[in-house]
Amino acid sequence: MNPLPSSPAEDQSLIAALKAGEEHAYEQLVRRFGGWLLGVARRLVHGEQEAQDALQDAFLSAFKAIDRFQGDASLATWLHRITVNAALMRLRHRRRRPETLFEDLSSGDGARQDPNYPPVNWSESAEVAAERAETREFVRAMIDELPDTYRTVLVLRDIEEYDTAETAKELGITPNAVKIRLHRARQALRDRIDRRLRAFDPEARP
Amino acid sequence: MTTCGELARFLMAYLDRELPEEQRASFEQHLKACPPCVIYLKTYEATIRLCKKSCAEDARLPGAVPEALVQAILKARRATK
C-alpha cells in the first residue's frame, strides 16, 4: 500500500467530526483521501468511469460504517480496504471483457517455453528503463492486459502489498491459488518485459 | 537435482523462503551451475520492482480527486442519509 501522509492526531479529529455527523468532515475526508484511493480503484477496475463509481461506492460505505470504526487500523488503511472491496465488487458484477490470451499463464515453466531462452540479464538496465515514462506506461499496459483473475492477485500482492492470506480472503480463493496465480502473472510479465527490453535496448541484446 | 523447468516453477517459493531445506539446497546447487537460470531469477525480481515503480508513479493519477466526483459523492451521501 502506498503510504499516505497523515498524522494520527489529524485522523482522530476527523473521525470525531465524522461520528458527530459534521457536514464539513465528509468533504474533508473525500478531499484528503480521494485522489490516493482513486489510484487504488484505477488499478483494480477497467476504465475511468468504473474507477470513479467504485470510489463513490467506497466513500458511501465508509460514511455508513464510520460509527463502527474502532481505530484498530489507521484511517488510511481502513479506507484502503473499503476501496479495494468496492472495486472488486464492481469487477465481479460487470460483464466479463474478452481477455487477451496469455497462453503462458497456464503453466509454471515460463523460462523453458520462452523462445528467447537463455535469457538476457536486463535486471540492471530495468532500473534505468524504469526512469522513462514510456517504460512505466508499457508495464502498466501489460498489467492491464492480464486476465482479471491474475491481475487482481498481482495488484493486491505486489502493488497494494497485501500478504497472501489477506489477498486470498479478499478474493475468496485459497492461499495456494494466490501463490500460483501471482507466480504465473509475474512470469508472464517478465517474458513481455524481456521482449520489450531486448527490442528497445541495444545493450540488452545477446 | 533441480531442473531448469523446476527452477522456474518453484522460483517464488524459493524467494519467499518456503522451500524445504533439501529442495532449497538442490535449487541453489542448480543456480551455481546454470547461469541462464541466475539471469532468469534476477529478471524475475526486476519485474516485481518494475511493476511497483510503474504503478507507484502513476501517470493516470492526477493527485487530487476530480471536483465533479467530490460533489457527486457528497450529493449521493445527502440522498442516502
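Predicted model only: the values in this text are computed from it and were never measured. As a convention, each chain's residues are numbered from 1 in the sequence order in which they are written. Naming scheme: in the order in which they are written, chains are lettered from A and ligands are numbered from 1. In keeping with the model being predicted, local features are shown solely for residues with a pLDDT of at least 70 and side-chain atom pairs are shown and tallied solely at 80 or more, while totals for entire chains, interfaces and linings include all residues. Working from all heavy atoms in the structure, the side-chain values ignore hydrogens and water.

Student: I would appreciate a short explanation of the nonpolar core in the present structure.
Tutor: Generally speaking, soluble globular proteins have nonpolar side chains that are buried together. We define a nonpolar core as any set of buried Ala, Val, Leu, Ile, Met, Phe, Trp, Tyr and Cys residues linked to one another through side-chain atoms lying within 4.5 Å. Here's how the labels work: a residue is buried when its accessible area is under 20% of the maximum for its type, exposed when over 50%, partly exposed in between, all with a 1.4 Å probe on protein chains only. The biggest cluster of nonpolar side chains holds 87 residues, and the ones touching the most others in it are Leu29(A), Phe33(A), Phe59(A), Leu75(A), Trp78(A) and Ile143(A). Inspection of this core shows a minimum of three residues originating in each of domain 1 (8–93) and domain 2 (103–204) of chain A. Here the bounds of each domain stem from an automatic or database domain assignment.

Student: Could you clarify how one ought to interpret the interface of chain A and chain B in this entry?
Tutor: Quite often, the size of an interface is put as the accessible area lost when its parts meet. Taken together, the contact between chain A and chain B spans 54 residues of the former and 47 residues of the latter. Here the quantity called buried area is the accessible surface, traced with a 1.4 Å probe, that two parts lose on coming together, added over both. Here chain A meets chain B over a buried area of about 4,600 Å², counting both sides, of which 63% is carbon and sulfur. Sorting the residues of chain A by area buried against chain B places Arg42(A), Arg140(A) and Arg186(A) first, and these three jointly supply 13% of that buried surface. One side-chain nitrogen of Lys or Arg within 4 Å of one carboxyl oxygen of Asp or Glu is enough to make a salt bridge. Remark: the boundary between chain A and chain B carries seven salt bridges. Notably, a salt bridge pairs Glu67(B) with Arg31(A), separated by 2.8 Å at the nearest N-O pair. Contacts described as polar in this section are N or O atom pairs within 3.5 Å, which, within protein, must combine one atom able to donate a hydrogen with one able to accept it, while residues neighboring in sequence count only if both atoms come from side chains. Summed over the shared surface of chain A and chain B, the number is 14 residue pairs in polar contact (both at pLDDT 80 or more). Mapped by element, the contributors of at least two residues to the side of chain A that touches chain B are helix H2 (23–44), helix H3 (48–65), helix H5 (110–113), helix H6 (125–129), helix H7 (133–145), helix H8 (148–159) and helix H10 (175–200) of chain A. Here a strand is any run of E in DSSP of at least two residues, a helix any run of H or I of at least four, and the numbering for each starts at the N terminus. With 12 residues, H2(A) is the single largest residue contributor to the side of chain A that touches chain B. Residue contacts are defined here by distance: any two heavy atoms, one from each residue, within 4.5 Å place the two residues in contact.

Student: What should I look at first to understand the packing of helix H1 (residues 8–19) of chain A against H2(A) in this one?
Tutor: Helix-helix packing is characterised by the crossing angle of the two axes and by the distance between the axes. All names here are of chain A. Throughout, an axis means a line fitted to C-alpha atoms (over the contacting stretch in the case of helices), and angles, computed between N-to-C directions, take values from 0 to 180 degrees. Following both chains from N to C, one finds H1 and H2 inclined at 140°, their axes separated by 8 Å at the closest point. When the axis of H1 is compared with that of H2, the two are oblique. For the element pair H1 and H2, the recorded crossing hand is left-handed. Counting all contacts with H1, which are made through Glu10, Asp11, Leu14, Ala17 and Leu18, the residues of H2 involved are His24, Ala25, Tyr26, Gln28, Leu29, Arg32 and Phe33. In this classification, the charged set is Asp, Glu, Lys and Arg, the nonpolar set is Ala, Val, Leu, Ile, Met, Phe, Trp, Tyr, Cys and Pro, and all remaining amino acids, among them Gly, are polar. Looking at the contact of H1 with H2, its residues break down into seven nonpolar, two polar and three charged. Here is the rule for angles: anything less than 35 degrees is roughly parallel, anything more than 145 is roughly antiparallel, 65 through 115 is roughly perpendicular, and the remaining ranges are oblique. Handedness of each helix crossing follows the sense of rotation of the near helix against the far helix: counterclockwise by less than a right angle gives left-handed, clockwise gives right-handed.

Student: What is the right way to read the packing of helix H1 (residues 4–15) of chain B against helix H2 (residues 21–33) of chain B from this model?
Tutor: All names here are of chain B. Close contact between H1 and H2 brings their axes to 11 Å; oriented N to C, the two are set at 120°. By the angle class used here, H1 and H2 are oblique. Seen along the crossing, H1 lies across H2 with a hand that is left-handed. Mapping the contact onto sequence places Cys4, Leu7, Phe10, Leu11 and Tyr14 in H1 and Gln23, Arg24, Phe27, Glu28, His30 and Leu31 in H2. Tallied by class, residues from the contact of H1 with H2 come to seven nonpolar, two polar and two charged.

Student: What is the right way to look at the environment of Val153(A) in this model?
Tutor: All names here are of chain A. Within the secondary structure, Val153 is located in helix H8. For the pair Val153 and Ala185, spaced 32 residues apart in sequence, the C-alpha to C-alpha distance is 8.4 Å. When near neighbours in sequence (up to four residues on either side) are disregarded, Val153 contacts Asp158, Thr167, Leu171, Ile173, Val178, Arg181 and Leu182.

Student: What am I meant to see in helix H9 (residues 164–171) of chain A here?
Tutor: Because each turn of an α-helix spans 3.6 residues, side chains separated by three or four positions end up pointing in the same direction. Residue and element names in this part refer to chain A. Taken together, the buried positions of H9 are occupied by Thr164, Thr167, Ala168, Glu170 and Leu171. For H9, the angular spread of the buried residues around the axis is 165°, confining them to a single face. Exposed and facing more than 90 degrees away from the buried side of H9 are Ala165 and Lys169. The N-capping residue of H9, defined by a side-chain oxygen 3.2 Å from the backbone nitrogen of Ala165, is Asp163. Just past H9, the residue Gly172 takes up positive phi, approximately 70°. The arc in question is formed by the directions pointing from the helix axis toward the C-beta atoms.

Student: Honestly, the packing of aromatic side chains in this entry has me stumped. Any pointers?
Tutor: Remark: the centre distance and the inter-plane angle together describe each pair of aromatic rings, the angle taken between the planes. Centres within 6.5 Å are what make two rings of Phe, Tyr or Trp a pair, Trp counting through its six-membered ring; a difference in plane orientation under 30 degrees is then read as stacked, over 60 as edge-to-face, and the rest as tilted. Per the counting criterion, the structure on display carries four aromatic pairs over all chains. Seen in terms of ring centroids, Tyr14(B) and Phe27(B) are 4.2 Å apart; in terms of plane orientation they differ by 15°. Their pairing is stacked. One end of the pair, Tyr14(B), is in helix H1; the other, Phe27(B), is in helix H2, and 13 residues separate them in sequence. Owing to a relative accessible area of 12%, Tyr14(B) belongs among the buried residues under this scheme. A relative accessible area of 1% means that Phe27(B) is categorised as buried. Through pairs of rings, three or more aromatic residues link up here, namely Tyr26(A), Phe59(A) and Phe63(A). Cation placement over rings: the criterion is NZ of Lys or CZ of Arg within 6 Å of the ring centroid and within 35° of the ring normal. Between Arg81(A) and the ring centre of Tyr162(A), over which it is positioned, the NZ or CZ distance is 4.9 Å. Over the ring of Tyr26(A) we find Arg77(B); its NZ or CZ atom is 3.7 Å from the centre of that ring.

Student: What am I meant to see in unusual backbone geometry here?
Tutor: Among all residues save glycine, negative phi is the norm, and among peptide bonds the norm is trans. Even without being glycine, Glu161(A) reaches a positive phi, approximately 60°. Relative to the assigned elements, Glu161(A) resides in the loop between H8 and H9. Overall, the relative accessible area of 48% leaves Glu161(A) in the partly exposed class. A positive phi angle is found at Arg17(B), which is not glycine, with a value near 55°. Tracing the sequence through the fold places Arg17(B) in the loop between H1 and H2.

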